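Residue-level listing of the chains:
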Amino acid sequence: RKEVEQDPGPFNVPEGATVAFNCTYSNSASQSFFWYRQDCRKEPKLLMSVYSSGNEDGRFTAQLNRASQYISLLIRDSKLSDSATYLCAVKGDSWGKFQFGAGTQVVVTP
Amino acid sequence: GAVVSQHPSWVICKSGTSVKIECRSLDFQATTMFWYRQFPKQSLMLMATSNEGSKATYEQGVEKDKFLINHASLTLSTLTVTSAHPEDSSFYICSARDMAVYEQYFGPGTRLTVT
């Protein structure tokens, strides 16, 4: 079993709609959680950290469910520019080693 | 935000040759840098952790004699792929940790193609 798993998608989303997807992790001792955005053939860019209480940044909302060991990302009012692959990252120790999921592809259509 | 550069951004080399990739933190000091590899439609896989002034720590399954890592200064780590094979063709990304703010930043990546 992979340490971090994501539905690869693609999630085809009409412009203006809402899309949500999860990421499950296997290590219950994981400390920190993040969502990254990766555009084709580019490096990942931090989208947002995921806090225990959940957090929101504009149209993006992230949630953490420690009991079920998953994090989620919700995108409201999708824009064409939101089309990308969204990677979840889990940090298990203080050294900063990340475990990444394979990514969920989101395609926003006009 | 902080900037991490990688050089080269893409490289094509012949099988059997060696390729060096540089990772630099441009406006902060990074005692720790990480090297990842990403194959198409797969996740970033951590290859090794590079610590300034000491030997790198390799993840299980990564050959340390094939992927040589040197972290000679607080702003530069290098990854050398020795005796490259076509299966080494991948996207190599480094990240650097800014100890002052405990943030980690990714470089733009290096696309390696071995023919």
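Now for a description of the structure that goes with this document. (Residues numbered from 1 in each chain as written. Chains lettered and ligands numbered in written order. Predicted model: local features only at pLDDT ≥ 70, side-chain atom pairs only at ≥ 80, totals over all residues. Heavy atoms only, no water.)

On to the overall build of chain B. Each helix and strand counted, chain B has zero helices and eleven strands in total. Seen in sequence order, chain B has helices and strands lined up from the N terminus as β-β-β-β-β-β-β-β-β-β-β. Rg of the C-alpha trace for chain B: 13 Å, near the compact-globule value of 13 Å for 115 residues, within the 12% margin. Here the C-alpha coordinates of chain B stretch approximately 40 × 25 × 20 Å along the principal axes. Pairs at least 24 apart in sequence give 54% of the contacts found in chain B among residues at least 6 apart. Carbon and sulfur atoms make up 53% of the accessible area of chain B, which totals about 5700 Å². Here chain B contributes 10 positive and 10 negative side-chain charges, whose respective centroids are spaced 6 Å apart. (Helix = DSSP H or I, 4+ residues; strand = E, 2+ residues; numbered from the N terminus. Rg over C-alpha atoms; globule rule 2.2 N^0.38 Å. Contact = heavy atoms within 4.5 Å. Areas by Shrake-Rupley, 256 points an atom, 1.4 Å probe, with all protein chains shown as cover. Lys, Arg positive; Asp, Glu negative; His and termini not counted. Charge placed at Lys NZ, Arg CZ, Asp CG, Glu CD.)

What follows is about the nonpolar core. All names here are of chain B. Counting residues in each nonpolar core, the largest one holds 24 residues, and the members touching the most others are Trp35, Phe67, Leu79, Tyr92 and Leu112. If you list the elements that add at least two residues to this core, you get strand E2 (10–13), strand E3 (19–25), strand E4 (32–38), strand E5 (44–51), strand E7 (67–73), strand E8 (76–81), strand E9 (90–98) and strand E11 (110–114). Discounting chain neighbours no more than four positions away, the residues touching Tyr92 are Gln6, Ile21, Tyr36, Arg37, Met47, Phe67, Leu79, Gly109, Thr110 and Leu112. (Core = buried A, V, L, I, M, F, W, Y, C linked by side-chain atoms within 4.5 Å. Buried < 20%, exposed > 50% of the residue type's maximum accessible area, 1.4 Å probe, protein only.)

Contact with chain A, which involves 16 residues of that partner, is made by 19 residues of chain B. Approximately 1500 Å² of surface area, both sides summed, lies buried where chain A meets chain B, with 52% of it carried by carbon and sulfur atoms. It is Glu43, Lys97 and Phe100 of chain A that lose the most area in chain A upon contact with chain B, and together they represent 31% of the buried surface on that side. Linking chain A to chain B there are one residue pair in polar contact (both at pLDDT 80 or more). Put simply, the parts of the chain that give the side of chain A that touches chain B at least two residues each are strand E4 (32–38), strand E9 (84–91) and strand E10 (98–100) of chain A. When grouped by side-chain class, the residues that make up the side of chain A that touches chain B number seven nonpolar, four polar and five charged. (Buried area = accessible area lost by both parts, 1.4 Å probe. Polar contact = N/O pair within 3.5 Å; in protein donor to acceptor, adjacent residues only side chain to side chain. Nonpolar A, V, L, I, M, F, W, Y, C, P; charged D, E, K, R; others polar.)

Time to look at the pairing of E9 of chain B. All names here are of chain B. Within E9, nine of the nine residues are buried, which leaves the element mostly enclosed by the surrounding structure. Because side chains alternate across E9, one face comprises the buried residues Ser90, Tyr92, Cys94, Ala96 and Asp98, and the other comprises Phe91, Ile93, Ser95 and Arg97, equally buried. Direction of pairing for E4 relative to E9: antiparallel, over a ladder of seven bridges. Across the sheet, Thr32 pairs through a bridge with Arg97, a residue of E9. Direction of pairing for E9 relative to E11: antiparallel, over a ladder of three bridges. Residue Ser90 lies in a different strand from E11, and its bridge partner there is Leu112. Here four bridges tie E9 to strand E10 (residues 103–106), and the two strands are oriented antiparallel to one another. Bridge pairing in E10 places Asp98 opposite Glu103. (Pairing = 2+ DSSP bridges.)

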